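Fold and geometry: a report
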Amino acid sequence: METRAHHLLVGSFVIVVVLGLLGFVIWLAKIDIDREFARYTIYFEGSVSGLSTASSVMYNGIPVGTVTAIELDPDNPSRVEVTVEVAATTPVRSDSVATLELQGITGVSLVSITGGSAGSAELVARPGERYPEIDSVPSQFQRLFAGAPELIAQSIQLIEQATKLFSEENLVSLAA
């Protein structure tokens, strides 16, 4: 009988320790079972390189959610449809805009949402839309790269003109 009591005590102790460890892991992971989310759709023109599912979504620099899906727009293949999931308390307004931002120098991208004005209406889905749509604008890097071919062409033209200006004939004329 005494041996059986020890087994019961050891078994109870093991169960309590396992439950305690499980509770500690859940607390450590900060799992929010009752956390509510809002989903939004964003259409980006052109490439979204560096963006992947589970990429961060920032609202005015504060992490508020993740990217849940990236697909080509079936109606316009030059656009990319990105679905994001953000905390339901995030104040996404009708004049909020989204951009793609680089996260450090790694080439990994994130979605950055800038808040609208306090007086604007909350963003809601239009008829026929699955989720409300946040307008997007090109980021500074996208605008820089979009203007790069024109900048290169102008630089080549400037170099050609400088070459003509410093030609052998002009240098001889200038020396005379």
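Whatever comes next refers back to the structure up there.
The sections below set out a description of the structure shown in this document. None of these values were measured; they are calculated from a predicted model. (Residues numbered from 1 in each chain as written. Predicted model: local features only at pLDDT ≥ 70, side-chain atom pairs only at ≥ 80, totals over all residues. Heavy atoms only, no water.)

1. Topic: the overall build of the chain
A count of helices and strands for the chain gives 3 helices and 7 strands. Helices (α) and strands (β) of the chain occur, in sequence order from the N terminus, as α-β-β-β-β-β-β-β-α-α. In the chain, which comprises 176 residues, the proportion classed as buried is 23%. Looking at the chain alone, contacts between residues at least 24 apart form 62% of all its contacts between residues at least 6 apart. Counting every atom, the chain has about 12,700 Å² of accessible surface; 63% of that belongs to carbon and sulfur. (Helix = DSSP H or I, 4+ residues; strand = E, 2+ residues; numbered from the N terminus. Buried < 20%, exposed > 50% of the residue type's maximum accessible area, 1.4 Å probe, protein only. Contact = heavy atoms within 4.5 Å. Areas by Shrake-Rupley, 256 points an atom, 1.4 Å probe, with all protein chains shown as cover.)

2. Digging into the pattern of salt bridges
Applying the stated rule across the entire model yields 5 salt bridges. Residue glutamate 85 pairs with arginine 39 through a salt bridge whose shortest N-O separation is 2.7 Å. Here the residue glutamate 85 occupies a position in strand E4 (residues 79-87), and arginine 39 occupies one in strand E1 (residues 37-45), the gap between them amounting to 46 residues. Given a relative accessible area of 36%, arginine 39 falls into the partly exposed group. The residue glutamate 129 makes a salt bridge to arginine 126 at a minimum N-O spacing of 3.2 Å. Overall, glutamate 129 belongs to the partly exposed group, its relative accessible area being 25%. (Salt bridge = Lys/Arg side-chain N within 4 Å of Asp/Glu carboxyl O.)

3. What to know about the pairing of strand E5 (residues 97-102)
Taken together, the 6 bridges between E5 and strand E6 (residues 109-114) define a ladder with antiparallel strand orientation. From the neighbouring strand, valine 97 faces E6, where its bridge partner is threonine 114. Between E5 and E6, which pair antiparallel in sequence order, lie 6 residues; one of them, glycine 104, sits at a positive phi of approximately 75°. In the sheet, E5 pairs with strand E7 (residues 133-136) via 2 bridges, with the strands oriented parallel. Bridge assignment links valine 97 to a residue of E7, and that residue is aspartate 135. (Pairing = 2+ DSSP bridges.)

Spatial relationships are all this shows, so hold off on functional conclusions.
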